[in-house]
Amino acid sequence: MRKRKGLKIGAGLIVFILIIDFGIGFYLYDLAIERNVKDFLSGNQDLEVSAEAMNVFTEGSWKDWVREQDFEEWKMESYDGLTLNGYYLEAEKPTNKTVVFAHGYLGRASDMGLFGQYYYEDLGYNMFTPDLRGHGESEGDYIGFGWHDRIDIIDWVDKVTDEVGEDTEIVLHGVSMGAATMLMASGEELPKNVKAMVADSPYTDVYNLFAYQLERMFTLPEFPILPTVGLVTNMKAGYALKEASALEQVKKAEVPILYIHGSNDTFVPTAMTEELYKNTKSNAEVLIVDGASHGESIILAEDKYLETLYGFIEKYVD
């Protein structure tokens, strides 16, 4: 009788733990991946930037520049039936050079005007910037963290080529989640007219990013929580956390890649870019901006950022 009672208690405890674990898994999915209002990042010290950067992010002249431009609104149906929105700006003078952007987590297409203005005014590029799935005006009830978005980006590149011309030479430029998106696309068979890629503040893969944030934000271990979050994500969004890996994709990359990261980035650790750089199959360069936090390298080291960017592009775009 004692053994049976012990077995019942043991089984009951296991069921209880599983219920708690799956409860946490669904909670974290809703918190980070489900498309909804996300307040959990408010006040996150890892996202604090300098006063200079905050001023540019919120009130910079680039915002007025974006509002003043006559962007064409484009729509595209994704491979899984979502209507995605993007915005195209033709260069002032005819050119066969186009930059395609990808914004960060919880961002939208217009955010990339901060970078697009340089391409447009200094380099004379056409500019295309989409709302990634689950963001802005694009459909989608989950955030893909780059994995499904990588296919969307390739489809957008095909659309840009169809609209602008087969001779257009394309640079892919992403920030944070957008940078990881581009890197995840790098391991696919990219169209031949994609000449270069810029990844600003990327992460290696979704699983390790979540593990890092889980410990840092909630002081929780990755096991058994993240495997459960992965099961929920696969069930609801159709991808696994571990398969969403920029690291594995750059090991197959053929396109040249420029990595940029701030040395003081504690939201996405600088070490992730260093690991990506070391494992990139294609020609690659890296710029670590001393003292910069997440995504603020373009502001704190504008001259160095642009000098490195323009020099890199010049090597690979005719």
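Here the structure is a predicted model, which means the values were calculated and not measured.

Student: Talk me through the overall build of the protein chain; I want residue IDs and the actual numbers.
Tutor: Regarding its fold elements, the protein chain presents twelve helices and eight strands. In terms of overall size, the protein chain behaves like a compact globule, its C-alpha atoms giving a radius of gyration of 21 Å where 318 residues would be expected to give roughly 20 Å. Expressed as lengths along the three principal axes of its C-alpha atoms, the size of the protein chain is roughly 85 × 40 × 35 Å. Here the protein chain holds 318 residues, and the buried ones make up 54% of them. Within the protein chain, residue pairs in contact and separated by at least 24 positions form 77% of the contacts whose partners lie at least 6 positions apart. Surface summary for the protein chain: the accessible area is close to 14800 Å², and the carbon and sulfur share equals 51%. Of the charged side chains in the protein chain, 27 are positive and 53 negative, and the gap between their average positions amounts to 13 Å.

Student: Now, about the pairing of strand E8 (residues 284-289): what can you tell me, with residues and values included?
Tutor: Examined bridge by bridge, strand E7 (residues 257-262) and E8 share six bridges and lie parallel to one another. Pairing of leucine 258 across the sheet is with glutamate 285, part of E8. Between E7 and its parallel partner E8, the chain crosses via helix H10 (residues 270-278), and the hand of that crossover is right-handed.

Student: Got a sec to walk through helix H6 (residues 177-186)? Specific residues and values, please.
Tutor: Along H6, ten of the ten residues are buried, which leaves the element largely enclosed by surrounding structure. Buried residues of H6: Met177, Gly178, Ala179, Ala180, Thr181, Met182, Leu183, Met184, Ala185 and Ser186, and no others.

Student: Describe the packing of aromatic side chains, naming the residues involved and giving the relevant values.
Tutor: Inspection of the entire model under this criterion finds twelve aromatic pairs. Among the aromatic residues, those joined into a ring-pair cluster are Trp74, Tyr88, Phe128 and Trp156. In this arrangement the basic side chain of arginine 150 is found over the ring face of tryptophan 147, its NZ or CZ atom lying 3.7 Å from the centre. Positioned above the aromatic ring of tyrosine 207, the side-chain terminus of lysine 242 is 4.7 Å from the ring centre.

Student: Residue-level account of the pattern of salt bridges, with values.
Tutor: All chains considered together, the criterion is met by 13 salt bridges. Residue glutamate 34 pairs with lysine 236 through a salt bridge whose shortest N-O separation is 3.7 Å. Of the two residues, glutamate 34 is situated in the loop between helix H1 (2-32) and helix H2 (51-59) and lysine 236 in helix H8 (residues 225-237); the sequence distance between them amounts to 202 residues. Owing to a relative accessible area of 21%, glutamate 34 belongs among the partly exposed residues under this scheme. With its nearest N and O atoms 2.7 Å apart, the salt bridge here joins aspartate 152 to arginine 133. Taken together, the positions of aspartate 152 in helix H5 (residues 147-164) and arginine 133 in the loop between strand E4 (126-130) and H5 put the pair 19 residues apart, joining distant regions of the chain. In this pair, the class of aspartate 152 matches that of arginine 133, namely buried. The network of salt bridges with common partners includes Asp30, Glu34 and Lys236.

Student: Quick one: what's the story with a negative patch on the surface, residue by residue and with numbers?
Tutor: Among the surface-exposed residues, Glu92, Glu121, Asp122, Glu302, Asp303 and Glu307 lie close enough to one another that they form a single negatively charged patch. Elements with a contribution of two residues or more to the negative patch: helix H4 (113-122) and helix H12 (302-316). No other element matches the three residues that H12 contributes to the negative patch. One can find glutamate 121 in helix H4. Exposure remark for glutamate 121: the relative accessible area of 48% places this residue in the partly exposed category.

Student: Go over the nonpolar core, please, and point to the residues and values.
Tutor: Within the largest apolar cluster, 63 residues are counted, with the highest numbers of intra-cluster contacts made by Ile33, Phe145, Leu172, Leu183, Tyr203, Tyr239 and Leu241. Listed in part, the 33 residues of the second largest apolar core include Trp62, Leu89, Val175 and Ile299.

Student: Account for the layout of surface pockets, naming residues and giving values.
Tutor: Looking at the second largest pocket, its volume works out to about 220 Å³. Of the residues contributing to the lining of the second largest pocket, the split by class is five nonpolar, one polar and six charged.

Student: Got a sec to walk through the sheet that holds strand E6 (residues 194-200)? Specific residues and values, please.
Tutor: Pairing is mixed in the open sheet, where eight strands are placed in the order E1-E2-E4-E3-E5-E6-E7-E8. Edge strands, defined here as strands with exactly one partner in the open sheet, are strand E1 (72-77) and E8. Averaged over all pairs of adjacent strands, the angle between strand axes in this sheet comes to 20°, irrespective of strand direction. The strands touched by H12 are strand E5 (169-175), E6, E7 and E8; relative to E6, the strand with the most contacts, the crossing angle is about 160°.

Student: Tell me about the environment of threonine 270, and please be specific about residues and values.
Tutor: By the element assignment, threonine 270 lies in helix H10. Residue class for threonine 270 comes out buried when judged on its relative accessible area of 10%. Spatially, the C-alpha atoms of threonine 270 and serine 201 are 7.6 Å apart, while their sequence positions differ by 69 residues. Apart from residues lying up to four places away in sequence, threonine 270 is in contact with His261, Gly262, Ser263, Asn264, Asp265 and Ile288.

Calculation notes
Residues numbered from 1 in each chain as written. Predicted model: local features only at pLDDT ≥ 70, side-chain atom pairs only at ≥ 80, totals over all residues. Heavy atoms only, no water. Helix = DSSP H or I, 4+ residues; strand = E, 2+ residues; numbered from the N terminus. Rg over C-alpha atoms; globule rule 2.2 N^0.38 Å. Buried < 20%, exposed > 50% of the residue type's maximum accessible area, 1.4 Å probe, protein only. Contact = heavy atoms within 4.5 Å. Areas by Shrake-Rupley, 256 points an atom, 1.4 Å probe, with all protein chains shown as cover. Lys, Arg positive; Asp, Glu negative; His and termini not counted. Charge placed at Lys NZ, Arg CZ, Asp CG, Glu CD. Pairing = 2+ DSSP bridges. Right-handed = clockwise from strand over helix to strand, strands pointing away. Phe/Tyr/Trp six-rings, centres within 6.5 Å; stacked < 30°, edge-to-face > 60°. Lys NZ or Arg CZ within 6 Å of the ring centre and 35° of its normal. Salt bridge = Lys/Arg side-chain N within 4 Å of Asp/Glu carboxyl O. Patch = residues over 30% accessible without salt bridge, like charges linked within 9 Å, V, L, I, M, F, W, Y side chains within 5 Å. Core = buried A, V, L, I, M, F, W, Y, C linked by side-chain atoms within 4.5 Å. 1 Å grid on protein atoms, 1.4 Å probe; cavity = no way out; pocket = protein on both sides within 12 Å on 5 of 7 lines; lining within 4 Å. Points joined across faces, edges and corners; volume = space filled by probe spheres on them. Nonpolar A, V, L, I, M, F, W, Y, C, P; charged D, E, K, R; others polar. Axes fitted to C-alpha atoms, helices over the stretch in contact; angles between N-to-C directions.

Everything listed here is a matter of coordinates, which is why it stays silent on function.
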